[in-house]
Amino acid sequence: MPGNKCNVDPATPKSRTERLMKERNLRKLNRVFNLNEKAGDSLRDGDLFSNDSAFAETENCASLNEEELSEGIDGYDRQDQRLPKQRLLVVANRLPVSAVRQGKDSWQLEISVGGLVSALLGLKEFDARWIGWAGVNVPDETGQEALTKALAEKKCIPVFLDEDTVHQYYNGYCNNIIWPLFHYLGLPQEDRLSTTRSFQSQFDAYKKANQMFANVVHENYEEGDVVWCHDYHLMFLPRCLKEKNSNIKVGWFLHTPFPSSEIHRMLPSRRDLLESVLAADLVGFHTYDYARHFVSACTRILGLEGTPEGVENQGKLTRVAAFPIGIDSDRFIRALELPQVQDHIKELKERFAGRKVMLGVDRLDMIKGIPQKILAFEEFLEENPEWRDKVVLLQIAVPTRTDVPEYQKLSSQVHEIVGRINGRFGTLTAVPIHHLDRSLDFHALCALYAVTVLWLSKCSSIMASTVLQEHANACIMTGPQEDAQTVIFRWVWEGKANFRLISILTLLVFYPDVALITSLRDGMNLVSYEFVACQALKKGVLILSEFAGAAQSLGAGALLVNPWNIAEVAASISQALNMPADEREKMHQHNFMHVTTHTSQEWAATFVSELNDTIIEAQLRTRQVPLLPVKVAVERYLQSNNRLLVLGFNSTLTEPASTQGVRGGHIRELQSRLHLEIKETLKKLCDDRRTNIVILSGSDRAVLDDNFREYNLWLAAENGMFLRHGTGKWMTTMPENLNMDWVDSVKHVFEYFTERTPGSHFELRETSLVWNYKYAESHFGKLQSKDMLQHLWTGPISNAAVDVVQGDRSVEVRSVGVTKGAAIDRILGEIVRNKGMKSPIDYVLCAGHFLSKDEDVYTFFEPELPCESLALARTRSLDPARTSISMISDSINQAKAHQLMKQRSLSTLERSNFRSAAWRPIVHDRMSLPEGSSVLDLKAENFFSCTVSRKQSDARYLLQSSDDVVTLLKELTESKPSN
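Residue numbering note: each chain is counted from 1, following its sequence as written. Predicted model: local features are reported for residues with pLDDT of at least 70 only, side-chain atom pairs are reported and counted for 80 or more only, and whole-chain, interface and lining totals are derived from all residues. Computation of side-chain values: all heavy atoms of the structure, hydrogens and water removed.

A. Molecular detail of the overall build of the protein chain. Under the DSSP-based scheme used, a helix requires at least four consecutive residues in state H or I and a strand at least two consecutive residues in state E, with every element numbered from the N terminus. Within the protein chain, the secondary structure is distributed over 34 helices and 30 strands. Accessibility here uses a 1.4 Å probe with only protein chains present; expressed as a share of the type maximum, an area under 20% marks a residue as buried, one over 50% as exposed, and anything in between as partly exposed. By residue count, 56% of the 979 residues in the protein chain fall in the buried class. Contacts are assigned to residue pairs that have any heavy atoms within 4.5 Å of one another. Residue pairs in contact within the protein chain that sit at least 24 positions apart in sequence constitute 75% of those at least 6 positions apart. Here, Shrake-Rupley sampling with a 1.4 Å probe gives the accessible areas, and only protein chains in the shown set may cover a residue. Entry remark: accessible area of the protein chain is about 41,800 Å², with carbon and sulfur atoms responsible for 50%.

B. View of helix α13 (residues 370-383). The terminal C-alpha atoms of α13 lie 20 Å apart, and with 14 residues this matches the ideal 20 Å at 1.5 Å per residue to within 8%. Within α13, the full set of buried residues consists of Ile 370, Pro 371, Gln 372, Lys 373, Ile 374, Ala 376, Phe 377, Glu 378, Phe 380 and Leu 381. Those residues of α13 that are buried lie in contact with β12 (356-364), β13 (391-399), α14 (405-425), β14 (433-436), β15 (514-517) and α21 (566-577). Helix span, as expected, comes to 1.5 Å for every residue beyond the first.

C. View of the pattern of salt bridges. Any Lys or Arg side-chain nitrogen located within 4 Å of an Asp or Glu carboxyl oxygen qualifies as a salt bridge. Scanning the entire structure with this criterion turns up 37 salt bridges. For Asp 513, the salt bridge identified is with Lys 356, shortest N-O distance 3.7 Å. Highlighted residues: Asp 513 in the loop between α18 (499-509) and β15 and Lys 356 in strand β12, separated in sequence by 157 residues. Its relative accessible area of 14% is what places Asp 513 among the buried residues. Among the salt bridges present, the one from Asp 522 reaches Lys 368, with a minimum N-O distance of 2.7 Å. Taken together, the residues span a long stretch of sequence, with Asp 522 in the loop between β15 and α19 (527-533) and Lys 368 in the loop between β12 and α13 at a distance of 154 residues. Relative accessible area serves as the criterion here: at 7%, Asp 522 is assigned to the buried category.

D. Seen up close, the state of the cysteines. Criterion for a disulfide: a pair of cysteine sulfur atoms at a distance within 2.5 Å. Scanning the model with the defined rule gives zero disulfides in all. With no disulfide of its own, Cys 240 has Cys 229 as its nearest cysteine by sulfur position, at a separation of 9.6 Å.

E. Region of the structure containing the pairing of strand β7 (residues 249-253). Along β7, five of the five residues are buried, which leaves the element largely enclosed by surrounding structure. A pair of strands counts as paired when DSSP detects no fewer than two bridges linking them. Bridge count for strand β6 (residues 226-230) against β7 is five bridges, and the pairing is parallel. By the bridge assignment for β7, Cys 229 is matched with Trp 252. Of the pairings in the sheet, the one linking β7 to strand β8 (residues 282-285) comprises three bridges and is parallel in character. Within β8, the residue paired with Gly 251 across the bridge is Leu 282.

F. Looking closely at unusual backbone geometry. Residue Lys 155 is not a glycine yet carries a positive backbone phi of 60°. Mapped onto the elements of the fold, Lys 155 is located in the loop between α4 (141-152) and β5 (156-158). One non-glycine residue, Asp 231, lies in positive phi territory at about 75°. Tracing the sequence through the fold places Asp 231 in the loop between β6 and α7 (237-244).

G. Focus on the sheet that holds strand β10 (residues 310-313). The strand order across the open sheet formed by nine strands is β5-β4-β1-β6-β7-β8-β11-β10-β9, and the pairing between neighbours is mixed. Of all strands in the sheet, those with a lone pairing partner are β5 and β9 (305-307), marking the two edges. Across the sheet, the mean angle from the axis of one strand to that of its neighbour is 20°, orientation sign disregarded. Orientation is described by lines fitted to C-alpha atoms, with helices fitted over the stretch in contact, and by angles between N-to-C directions that extend from 0 to 180 degrees. The sheet contacts of α7 involve β1 (86-94), β6 and β7, and relative to β7 the element is tilted by about 175°.

H. Layout of the sheet that holds strand β24 (residues 768-772). The sheet built from four strands is open, its strands ordered β23-β24-β26-β25 with antiparallel pairing. Two strands in the sheet have a free side with no partner beyond their single neighbour: β23 (761-764) and β25 (802-807). The mean inter-strand angle of the sheet, taken between neighbouring strand axes irrespective of direction, is 15°. Bridge count for β24 against strand β26 (residues 810-815) is five bridges, and the pairing is antiparallel. Following the sheet pairing, Trp 771 is matched in β26 by Val 811. Contacts from helix α28 (residues 743-756) reach β23, β24 and β26 within the one sheet, and its direction differs from that of β24 by about 10°.

I. Looking closely at helix α5 (residues 163-182). Bend angle per residue: angle between axes fitted to the 7 residues ending at that residue and the 7 residues starting there. By the largest-angle criterion, Cys 174 marks the main kink of α5, which is about 40°. Summarising burial for α5: 14 of the 20 residues are buried, a large majority. Its side-chain oxygen placed 3.2 Å from the backbone nitrogen of Asp 164, Asp 162 serves as the N-cap of α5. Phi for Tyr 184, located one or two positions after α5, is positive at around 65°. Counted as a polar contact is a pair of N or O atoms within 3.5 Å, where, for protein atoms, one must be capable of donating a hydrogen and the other of accepting one, and residues adjacent in sequence contribute only when both atoms are in side chains.

J. Inspection of the packing of α28 against helix α29 (residues 778-794) at higher detail. Closest axis-to-axis distance for the α28/α29 pair is 11 Å, and the angle between their directions is 155°. Regarding the angle of α28 to α29, the classification is roughly antiparallel. Every pair of crossing elements has a handedness; the one defined by α28 and α29 is right-handed. Residues Val 746, Val 749, Phe 750, Phe 753 and Arg 756 of α28 form the contact with α29, whose participating residues are Phe 780, Gln 784, Asp 787, Met 788, His 791 and Leu 792. Across the contact of α28 with α29, the residue classes tally to seven nonpolar, two polar and two charged. Orientation is classified from the angle alone, with under 35 degrees giving roughly parallel, over 145 giving roughly antiparallel, 65 to 115 giving roughly perpendicular, and any other angle giving oblique. When the near helix sits turned anticlockwise from the far one by under a right angle, the crossing is termed left-handed; a clockwise turn instead gives a right-handed crossing. Ten residues, namely Ala, Val, Leu, Ile, Met, Phe, Trp, Tyr, Cys and Pro, are considered nonpolar, four, namely Asp, Glu, Lys and Arg, are considered charged, and the remaining ones, Gly among them, are considered polar.

K. Molecular detail of the confidence of the model for the protein chain. The predictor attaches a confidence to each residue, called pLDDT, with possible values from 0 through 100. When the pLDDT values of the protein chain are averaged, the result is 76; 71% of them are 70 or greater. pLDDT under 50 marks residues 658-669. Its contacts with residues more than four places away, or in other chains, come to 16 contacts. In the predicted structure, residues 865-930 sits below a pLDDT of 50 and forms 108 contacts with residues beyond four places in sequence or in another chain.

L. Structural context of the environment of Phe 236. Looking at the secondary structure, you find Phe 236 in the loop between β6 and α7. Residue Phe 236 is classed as buried on the basis of its relative accessible area, which comes to 7%. Along the backbone, Phe 236 and Ala 209 are 27 residues apart, and their C-alpha atoms lie at a distance of 9.2 Å.

M. Seen up close, the packing of α13 against α14. Closest axis-to-axis distance for the α13/α14 pair is 10 Å, and the angle between their directions is 10°. The pairing of α13 with α14 is recorded here as roughly parallel in orientation. The chirality of how α13 crosses α14 is left-handed. Contact residues: α13 offers Ile 370, Pro 371, Ile 374, Leu 375, Glu 378, Leu 381 and Glu 382, while α14 offers Leu 410, Gln 413, Val 414, Ile 417, Val 418, Arg 420, Ile 421, Arg 424 and Phe 425. Classifying every residue of the contact of α13 with α14 gives eleven nonpolar, one polar and four charged.

N. Seen up close, the nonpolar core. To qualify as a nonpolar core, a set must consist of buried Ala, Val, Leu, Ile, Met, Phe, Trp, Tyr and Cys residues joined through side-chain atoms within 4.5 Å. Core analysis: the biggest nonpolar cluster contains 86 residues, and Leu 653, Ile 695, Phe 708 and Phe 861 have the highest contact counts within it. Note: domain ranges come from an automatic or database domain assignment. When we break this core down by domain, the ones giving at least three residues each are domain 3 (630-655 + 675-735 + 819-861 + 938-974) and domain 4 (742-815). Within the second largest apolar cluster, 63 residues are counted, among which are Tyr 232, Val 250, Leu 273 and Val 311.

Here's what the structure looks like:
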């Protein structure tokens, strides 16, 4: 029977870092071989992704399993000169194409250029499929079949959502509830009562839509696939996927900010969303701040334990990490070298000779801070009159959600400010602000802003892609007299322009002196990356909002500003325009190095690699403490004659923490309650004369009385220091000379820290004191516990014979030797005396969520066969030879004798360590101390020690939650011996 200490695989990779470094080298090696398969840089007609993309079909595609990942370069397929590709299912709200119906069974697909699409293009390490909504309602089956077939050619798989679901799920819950809250805009203020009434229907639609996405994923899932879920639209998807297939590899990435826990807790569905996301194996964010906020929300709202690696919930660790996205910088750099681009740059420089140019490229959105940017530019012009005819601000604001009143109001506000500033500082021939959006006169915009765009007819290969030319050709409708320059403005005017397309055009062609980004809250903001990539010659200055996610990556090479501080932004504009060339060079080189090394392809490859390794890490943790083989445990139980079940109480026989919940002020939750589904099972076990049950807990006697008064079993309270059978009287098992002089001084310390820590409390027990901060603010509670421990060790207990035990949000001070393992020998002795036991105990199941200090209860029962002997016994037990059986018997008898000596020495050792007692607890009776170790006749294969939800343990096996304990006990009562 394999045990924890004997379950070591010498071939196991040494560390997580080593595995990830090997995987990184593996990706680099794979790219070298892919360079030999040079493909066109442009996207082919009729195919969304070329052979050079992440979605290319290749021969010999196979799943990359965990063993191949851990082997690193050794897993390389030398015959095909390439690595087998792992399938990647990218699940996002929208597909990278938009569908337009041409007939009953005919569809036209238009490519959508966006940040996520750009990030996944060129990712050659995976064979990817894209799952999402096509952006159109298709109610008939014929249309759905035709669209599915058309999308399949582009490796896209549609999810069909009806109009009502889209309205409630996308327009309602996603855009009206989650998006504003995640950007610190709060819940909708207008018509609050109506919003509250419709919230539940929107949330139901959200869950329904996520389940529909999950159904499509399961229909197309193949074993070994990685499922990568994207953004706030699909926060329920990881739970839906795991409920149907717990072995599926699921990662979830958020492309927006994640707010602080104080903001997130405003959501009525806050718990459901967090718990659903935690079903994923890996959760990714753009910045460490967002990841920290998520862990804090899980800690404060769900009451879970946050670790440096992520969040632990019922023994399952969900890894949480930051993965800053990037851009495909090489495409920008290559485009700048095109002769056509260079010629046009020269022309534009001549047109703006003598003037510094500041550039802003944003969506017309509340979070982009466009009014704050323009007001700061106005203050700069007021304070620096010498710059009024030497600088111009080119602001491109691509309209979005024009049917929403808030956006219409924002557009009017921006136009009013621009008009006022141009009226104050402009002349007949020049204005300080050039602002482009659809609300201005179309033909005037074409004449005014010609200098900011590129003639696509002269540069069809820009960005190493024909996608821009395809967009222009699709939009030219008035004949050859309308050049591509005019087409760009038509895109903006008619709402056909893509924000990413406009920013690429502007940044590639025009070399601005300053880029001004004043986002009030932004997940990342890739415009800043694109600006840096295009500034190899001019070394322009980046002014970047500290509230943009990019500030954590590019902040060292940019001027960081608070966009709400108009004076600060105005001063930064002055600093940027007057910055010496050598300083600009230094700042640019720092950011340029980051942008060119942290690319979008590296971002995607790193995330999937970390997801694969997270699965490996989970398997390694499981190997360290393997799951209990329930069938074997039950079979041995049925074959035994005299059984002993030693069970913990808290987190073992109680309701799981997720069902109890953590809500401030609920006094009823301070007391643990017995799991509802175990009561009948426990009664059946108690009625079995061959089964002895001991509830071994650190709780006091009153708690055990409340939960087990109706059961015929043994209760061992306060770590076994008090014992009672059935409805009898409590007896003490404490050593004779237990010293408790330290109690009063420690009590004063606990009282002091309870007053200083809201939500904390302490318990005065007869053998220990426990300070609990489970319901306090977690971070503050940890700081207070550290302060308390430092004070205890240097003061009240510096010379006392006590142990300090740090639990899950608790600190316990107990006398030396007060452990569950130290008490079990005396408990067994009393059981023997009480029952008049004649046959020895030949089966032991010991399960609990015990503290590390109390895990000596596992080693007490351990037959202590060395690993080699265990392996020998398991191997030779199949040999009918009498000599082999004798060898096994001798080994077991020797180990049993050694164990007996160890067990019988416990009581003697304890008595010798304690001084005379000046304080004694008041008890009903003091029991005699017969030693019970002699009653054990335990073979290695009949001993099952199980830790509940603790990954690191001295126990042989793991039960992941109290639900698993309930299931196991039910199996013991309901199973029948096999013939």
